Structure formats: structure tokens, C-alpha cells
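What follows is the residue order along each chain.
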Number of protein chains: 2
Amino acid sequence: MKIVLLGSGNVASILGQALAEAEHDIIQVWSRKSENAASLANRLAASFTDTFTEVLEADVYIIAVSDQAIPTVVSQLPVTKGLVVHTSGATPLEVFADRFSSCGVFYPYQTFSKDRPISFRNVPILLEAKDPSSMLVMEQIANSLSDRVSHCNSQQRSAVHLAAAFACNFTNHLYQIADDLLQKEGLHFDIIRPLIRETAMKVMEHQPVEVQTGPAARNDHPTIERHMALLAGSDDLSAVYSLLTKHILNNRKIT
Amino acid sequence: MKIVLLGSGNVASILGQALAEAEHDIIQVWSRKSENAASLANRLAASFTDTFTEVLEADVYIIAVSDQAIPTVVSQLPVTKGLVVHTSGATPLEVFADRFSSCGVFYPYQTFSKDRPISFRNVPILLEAKDPSSMLVMEQIANSLSDRVSHCNSQQRSAVHLAAAFACNFTNHLYQIADDLLQKEGLHFDIIRPLIRETAMKVMEHQPVEVQTGPAARNDHPTIERHMALLAGSDDLSAVYSLLTKHILNNRKIT
């Protein structure tokens, strides 16, 4: 199968690398910026272009661009009999309208950074297709990359994408708040890294509600009040602390 | 050195285990509940008691009870020339007043669950002592257990304990919210576990602000609005989402 990769950001880079390692034939990289296309194409031993009319005929087109750019790419990519997929969690299948006979969503559910190698075999890939024959091709590619392939309709994918905002984006921001609190006392972030790691590792085997700890979970109001007193100088942090504390108090598992 | 351990909860159990493995001589376990004292003492090959007047003479007394119970234990533990330490992040050194000539705080900075084995060598231990000779004894014990021993005064320890509320307690609660969102769509928590793990692993090497991702970090208001629309049925979750989003928008690293 010949594959054209559209995009050159984190997802395109890491997915392209995983496809190449699984010995797929990436024949071309398209990117809006020629130098980005060239750079990724070079690593994948593919040709490159920044011009839609120069996109080669292929069996599969993988659109891995920002959510906002997907509609433009969909409307400008020449009509093809090949399978066209996008990789966005937040974009419904309907973005393709009726432009392509074969299309789908190929969503790798992970946070990607260009400079961090990742084992794709553990990345869940969530698939949705316009029709069963598109799905067959997508499953073939997905299974060649990952051991965690599943089907997921657009409504489920919205929930999955939203859940990531809580469990990844907001979580990382809480790490940042912790970092700020430590820095103010002259302490290094290193001191909290083992705790962050263990907090994540605990839920690899347990449901989060079963391993919730801390003053709110044990209804320990004296400690909550001491924490709030420490935050008295920051309205922002007080608001985050008190809202999340209230939410834990209202949702804790009574033991 | 002969050690008496006071307490039988998660911290007492895991610390006791680590002390035993480092070949310290735990001679006795005290707990308010005799059966808990007996159970832990049995695992540590120590004697046990539930009565303060029966506590044996030792070189070191480690108080690992709930924060609320510390003042009671401090006031009822017979006066001794041995070193007396507590293990609480939220309790200042002053809780000992002048009752013991040698005292300090021995705070292992980690989240402990009885049923989860943990390598104590990676657990930061934060030490504060009333005087240098108490500190010397504490350092000797701490270094025998961990490679991450440091000093930390009561004010710093308050900040460290507060930071844990954000990076551990609140983070776990965000995992729970994600779990709830997935369950509503018939999806298993397994689907998000690799993302949670990678989110934590990213900050083992980077500062959180450098690896912040998601719609708020890239100022992507259409996606934020789609997420808010999905949460329209829940005032609680809408409030958490919009507050944390606002906080990221106000604190993002402009690239």
C-alpha cells in the first residue's frame, strides 16, 4: 500500500516514523510549508510537496494537521479513490462530507512530543469508517502499528477527547501549579517527580476512585483550611483548590 | 539502634517494612487498636502494645499516625531520651513543644497504599530536626532507606504538602472525572491509561510548562467551546473545565 502523509507536526512525525518502522511505503509528505515537508520526508525516505495538485496517487492519505486546517485540506486534496483518513479526536467523520468514496478517522489516543520516542504498540488507536471496506484497510494499518486497536464512533470520540483534557492537559497544568509552589520555597521540581509518577502508576492497576487520597478524600477539614490559608495570597489558586476540593468531597467513595 | 513504631496505617506499614529490610531493629509496634498493632508487629517480627505505659525504651520513636492523632500521641508517649520523630507533611516541628529533648520530622514524600509495593530508595525523605545531633541520627536512618534525602524546614514542608494536593490528590480526581466521562459512553478506563502514564512520564524529564498541550495551551477556542457544549449537562464539570482552562490560558508559555 502506498501512503501519502499530509502534515508535518508532532502527530505526522511520530505516526510517519511508526508507519516507516512497520515497513509501510510512505511515498510522499505534503505540508503547507515546503521546508517542513522536506524535513519529514527526508527522515521517511519519501518525496515531498507543498502543492495539492502535486500530491501523488496513493492507496491511503493520512491527514495529520491541526483541527482548524482539516476542512481546508479536505476541500483541496484532489478527489481520489484511495482511502482518506484524518487523525483528530475532536473532528467528526462528517468533515469529509461526500468528497471521498472511502474515508475514516484514525485517532491515536496519546500525547505526542517530537523529541520523545514512544512505543506505538501501546498507543490506543480508535477507528471510525464510512463503510466496512474502508474499515478493513484501516484495521490492517492500525494493527500493524498497535496492539490496542478499537472502534469508536464520533460521539464516543468526542467524550474520549474531552476526557483527555481532564486526564492529560489539566493534569499537566496541576503539575505546573505544584512546580510554582515549590519554586516559591526554593525547592526543585525533582522533589515531587516520584509522587507524580506513583500517582499515575497507581491507576494503571486500580480505578481512580479506589486510590483517591488527601485531605478532601478523608474529609479532613483542618488540613483543607491550612492549605487554603497558605493560598490566601492567590485568588486564582484558591479558586482551583476550593473547587476541586468541593468536587472530591461531593464524589468521594464512602468507606 | 532500637526503634519503636507508633501507628499501623499505610505509612507505618510501608515505612516499617522498609526499615526492616534495611535491617533496623524494630522492637515494638504501638497502635491504638491492639489487633492492628499485632498484625503489623507480626510482619516486622516485633512485639506490640496498645498502651502507652507499656511502650519500651528505645533509641528512636517514629510516630506514623493520622495528623489529628499526633498531638495525643505526643502528649501520652512517656518522656524519653530517645529521638522522637513524626512523619507528617502537614504538621510543624512545634507539635513536640518541649516534651522531648531530641525530636524532628521525618517526612517520606510519596503516596502510599498498603497493597502496592514501592521502592523506598526513590522516595524523597524530607528532614527537619530540633538540633544537630537529632539531625545526625535522622540522616543516618533516612540514608539507609533512600537515595533522596534532603533538609526542609516547616514552612517549606507546608508548601511541599500543598503541592502534593495539586499534583497527586487533584490529579487523581481528574483521572476519576475522565473515567466517568468514558463510562458514560460505554468505554473502559483502559483506553486512557497510556495517556495518563505518558503525561506523567513527560514531566520526569521536562518542566510541566514546557510540555503543556491541549486546546487551552494553543488558544484553540473552537475546541474549548465544543468541550463546554459536551459538559452542558453538568454544572460541576463545566465549572472545573472552565476554571482550569482559564488558568492555563492565563499562565501559558507564549511560543
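Note that the coordinates shown come from a computational prediction; the quantities given were computed from them, not determined experimentally.

### Thoughts on the domain arrangement of chain A
Residues and elements named next belong to chain A.
Piece 1. Here chain A is partitioned into domain 1 (2-152) and domain 2 (157-251).
Piece 2. For domain 1 versus domain 2, the distance between C-alpha centres works out to 35 Å.
Piece 3. Listed as interface residues are 13 residues of domain 1 and, on the opposing side, seven residues of domain 2.
Piece 4. Both sides together, the interface formed by domain 1 and domain 2 hides about 700 Å², and carbon and sulfur atoms give 59% of it.
Piece 5. Run the count over domain 1 and domain 2 and you get one salt bridge.
Piece 6. Where domain 1 touches domain 2, the interface holds four residue pairs in polar contact (both at pLDDT 80 or more).
Piece 7. Looking at the side of domain 1 that touches domain 2, the elements that each hand over two or more residues are strand S6 (102-108) and strand S7 (125-129).

### A word on the relation of the copies chain B and chain A
Piece 1. With an RMSD of 0.0 Å, the operation that places chain B on chain A is a rotation of 180° combined with a shift of 0.0 Å along the axis. Accordingly, the operation relating the two chain copies is best matched by a two-fold axis. The C-alpha atom lying nearest the rotation axis in chain B is that of Thr 171 of chain B; the distance is 2.7 Å.
Piece 2. Both copies present the same face, since 100% of the interface residues in chain B are matched by interface residues at the equivalent positions in chain A.

### What about the nonpolar core?
Piece 1. Tyr 109, Phe 166 and Ile 192 of chain A together with Tyr 109, Phe 166 and Ile 192 of chain B are the most contacted members of the largest nonpolar core, which totals 118 residues.
Piece 2. Look past the residues within four positions of Phe 166 of chain A in its chain and what remains in contact with it is Thr 171 of chain A together with Leu 174, Ile 177, Leu 181, Leu 231, Leu 237, Val 240 and Tyr 241 of chain B.

### Considering helix H5 (residues 154-184) of chain A
Residues and elements named next belong to chain A.
Piece 1. Along its 31 residues, H5 runs 44 Å from first to last C-alpha, staying within 8% of the 45 Å computed at 1.5 Å per residue.
Piece 2. The largest bend in H5 amounts to roughly 30° and is located at Ala 165.
Piece 3. By the criterion of burial, H5 is predominantly enclosed, with 26 of the 31 residues buried.
Piece 4. A distance of 3.1 Å separates the backbone nitrogen of Gln 155 from a side-chain oxygen at the start of H5, and that oxygen is part of Asn 153.
Piece 5. Of the residues flanking the end of H5, it is Gly 186, one or two places downstream, whose phi is positive at about 75°.

Cut-off values and rules
Residues numbered from 1 in each chain as written. Chains lettered and ligands numbered in written order. Predicted model: local features only at pLDDT ≥ 70, side-chain atom pairs only at ≥ 80, totals over all residues. Heavy atoms only, no water. Domains from an automatic or database assignment. Contact = heavy atoms within 4.5 Å. Buried area = accessible area lost by both parts, 1.4 Å probe. Salt bridge = Lys/Arg side-chain N within 4 Å of Asp/Glu carboxyl O. Polar contact = N/O pair within 3.5 Å; in protein donor to acceptor, adjacent residues only side chain to side chain. Helix = DSSP H or I, 4+ residues; strand = E, 2+ residues; numbered from the N terminus. Least-squares fit on C-alpha atoms with pLDDT ≥ 70 in both. Core = buried A, V, L, I, M, F, W, Y, C linked by side-chain atoms within 4.5 Å. Buried < 20%, exposed > 50% of the residue type's maximum accessible area, 1.4 Å probe, protein only. Expected span 1.5 Å × (residues − 1). Bend = angle between axes of the 7 residues up to and from the residue.

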